[in-house]
Amino acid sequence: MIDPLSEIISLLRPRAVFTKGISGAGSWAVRYSDFGQPSFCTVTEGRCRLAVDGEAPVTLEAGDFVLLPATPGFTLSGFEPATPVFVDPKLAPMGDEVRHGRPDGPADLRMLGGYFLFDSPDAALLVSLLPALIHVRGADRLTMLVRLAGEEARENQPGRDLMLSRLMEMMLIEALRATQSDDAPPGLLRGLGDARLSAAIRQMHEAPQSPWTIAQLAKKAALSRSAFFDRFVRAVGLPPMEYLLAWRMALAKDLLRRRDVGMAEIAERVGYGSASAFSTAFSRYAGMPPGRFARAAAA
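Thresholds applied
Residues numbered from 1 in each chain as written. Predicted model: local features only at pLDDT ≥ 70, side-chain atom pairs only at ≥ 80, totals over all residues. Heavy atoms only, no water. Buried < 20%, exposed > 50% of the residue type's maximum accessible area, 1.4 Å probe, protein only. Helix = DSSP H or I, 4+ residues; strand = E, 2+ residues; numbered from the N terminus. Pairing = 2+ DSSP bridges. Expected span 1.5 Å × (residues − 1). Contact = heavy atoms within 4.5 Å. Phe/Tyr/Trp six-rings, centres within 6.5 Å; stacked < 30°, edge-to-face > 60°. Lys NZ or Arg CZ within 6 Å of the ring centre and 35° of its normal. pLDDT = per-residue confidence, 0-100. Axes fitted to C-alpha atoms, helices over the stretch in contact; angles between N-to-C directions. Parallel < 35°, antiparallel > 145°, perpendicular 65-115°, else oblique. Left-handed = near helix turned anticlockwise from the far one by under 90°. Nonpolar A, V, L, I, M, F, W, Y, C, P; charged D, E, K, R; others polar. Disulfide = S-S within 2.5 Å.

Right, let's get into the pairing of strand S9 (residues 109-118). In terms of burial, S9 is a largely internal element, 7 of the 10 residues being buried. Pairing analysis gives 9 bridges linking strand S1 (residues 14-25) to S9, with the strands arranged antiparallel. By the bridge assignment, Pro14 is partnered in S9 with Phe118. Looking at chain direction, strand S3 (residues 39-52) and S9 are connected through 7 bridges and run antiparallel.

A word on the environment of Thr83. Tracing the chain through its elements places Thr83 in the loop between strand S6 (74-77) and strand S7 (85-87). The class of Thr83 is exposed, set by a relative accessible area of 69%. The spatial distance from the C-alpha of Thr83 to the C-alpha of Leu223 is 54 Å, given a sequence separation of 140 residues.

With 12 residues, helix H11 (residues 275-286) ought to run about 16 Å at 1.5 Å a step, and its terminal C-alpha atoms sit 16 Å apart, in line with that. Next to the buried residues of H11 lie helix H9 (240-258), helix H10 (263-269) and helix H12 (290-298). Residue Gly287 follows H11 closely and has a positive phi angle near 80°.

Turning next to the packing of aromatic side chains. Within the structure shown, the criterion is met by 10 aromatic pairs. Arranged with centres 4.8 Å apart and planes meeting at 25°, the rings of Phe18 and Tyr115 form a pair that is stacked. Linking Phe18 in strand S1 with Tyr115 in strand S9, this pair joins segments that are 97 residues apart in sequence. Residue classification places Tyr115 among the buried positions, given a relative accessible area of 16%. On the numbers, 5.5 Å between centres and 85° between planes, the contact of Phe116 with Phe118 is edge-to-face. Each of the two residues, Phe116 as well as Phe118, counts as buried. An aromatic cluster of three or more residues is present, and its members are Tyr272, Phe278, Phe282 and Phe293. Above the face of the Phe79 ring, Arg47 is positioned so that its terminal group lies 4.5 Å from the ring centre.

This prediction gives the chain a mean pLDDT of 89; 96% of its residues lie at or above 70. Here helix H2 (residues 123-127) is the element of the chain with the lowest mean pLDDT, 80, and helix H7 (residues 214-220) is the one with the highest, 97.

So, about unusual backbone geometry. A positive phi is found at Arg13, a non-glycine position, where the angle reads about 50°. Secondary-structure assignment places Arg13 in the loop between helix H1 (4-12) and S1.

All right, on to the packing of helix H3 (residues 140-154) against helix H4 (residues 160-178) then. Following both chains from N to C, one finds H3 and H4 inclined at 160°, their axes separated by 10 Å at the closest point. Viewed along their axes, H3 and H4 adopt a mutual orientation that is roughly antiparallel. Note that H3 runs across H4; the crossing there is left-handed. Counting all contacts with H3, which are made through Arg141, Leu142, Leu145, Val146, Leu148, Ala149, Glu152 and Ala153, the residues of H4 involved are Arg160, Met163, Leu164, Leu167, Met168, Met170, Met171, Glu174, Ala175 and Arg177. Residues that form the contact of H3 with H4 fall into these classes: 13 nonpolar, no polar and 5 charged.

A word on the side chain of Lys253. Take Lys253: it is sitting in helix H9. A residue is classified by how much of its surface remains accessible, and Lys253, at 9% relative accessible area, is buried. Residues in contact with Lys253, not counting those within four places in the same chain, are Pro121, Asp122, Phe282, Ala286 and Phe293.

It is worth spelling out the environment of Leu223 at this point. With respect to the element layout, Leu223 can be found in the loop between H7 and helix H8 (225-236). Between the C-alpha atom of Leu223 and that of Arg196, which follows or precedes it by 27 residues, the distance is 7.9 Å. Those residues in contact with Leu223 that sit more than four places away from it in its chain are Arg196, Ala218, Phe228 and Arg231.

We now examine the state of the cysteines. Under the definition given, this model contains 0 disulfides. For the unlinked cysteine Cys41, the closest cysteine sulfur is that of Cys48, found at 6.8 Å. We classify Cys48 as buried; its relative accessible area is 0%.

Spelled out as structure tokens, the structure:
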């Protein structure tokens, strides 16, 4: 059976991992501007405070893991009053440990952090289906993956890029598994956490070429059409047919980017009866014809 979460992580194509150590002591605070790329950290010693724009502040403790799929602005600090020092994440050096606050003596906090890139042309859409802030307590497996990624990033061994991509995929899936619950924010995880909606979502992913209707998907979910529609919007954050269109177009962009499948076959795979019907729908959705998108992706 198709696993929607694995499909989305595969399409995101995480790559180019950058990591560094972070420590803090005494009175300190740093303010990072909006970055837009996914970032992560795991606390190895001590505690600190994390305030992400748009989210409630959280206290991070040893063993905690945090993932920000689209990294908005945030402030990281100790617990003594301090004026935040501005840091531009695009210019911050990677590789060496960064020390905040008192430069000498034992650290109150040690953490491993970093960021990576998504190689998908539809990353913004896919990321919008994930929680804005993922905070996992007692994340031993995630801490191990972060350590492995840091070691792999520092050592220029054969197969390094593939190893890092696979480690990031594992880290994403492990983190998202830990946040899959009924009280998760609207998005794919909450939809998959609903047994009835999950049945319909899996069908959309398993057979995107099928001419699905609300009535058919509602039947898969064992709900009336109105109940299914309302429940889907509340859980996933967008209507079922809008989700299906977004998924079809994400698949189409991936196929166009690979340039090894003809337009007629792409149209068939994503549920259109002809190349011209697909071209019209794709142009309306993406703002350019599929041929131009393929050429731009290749360039």
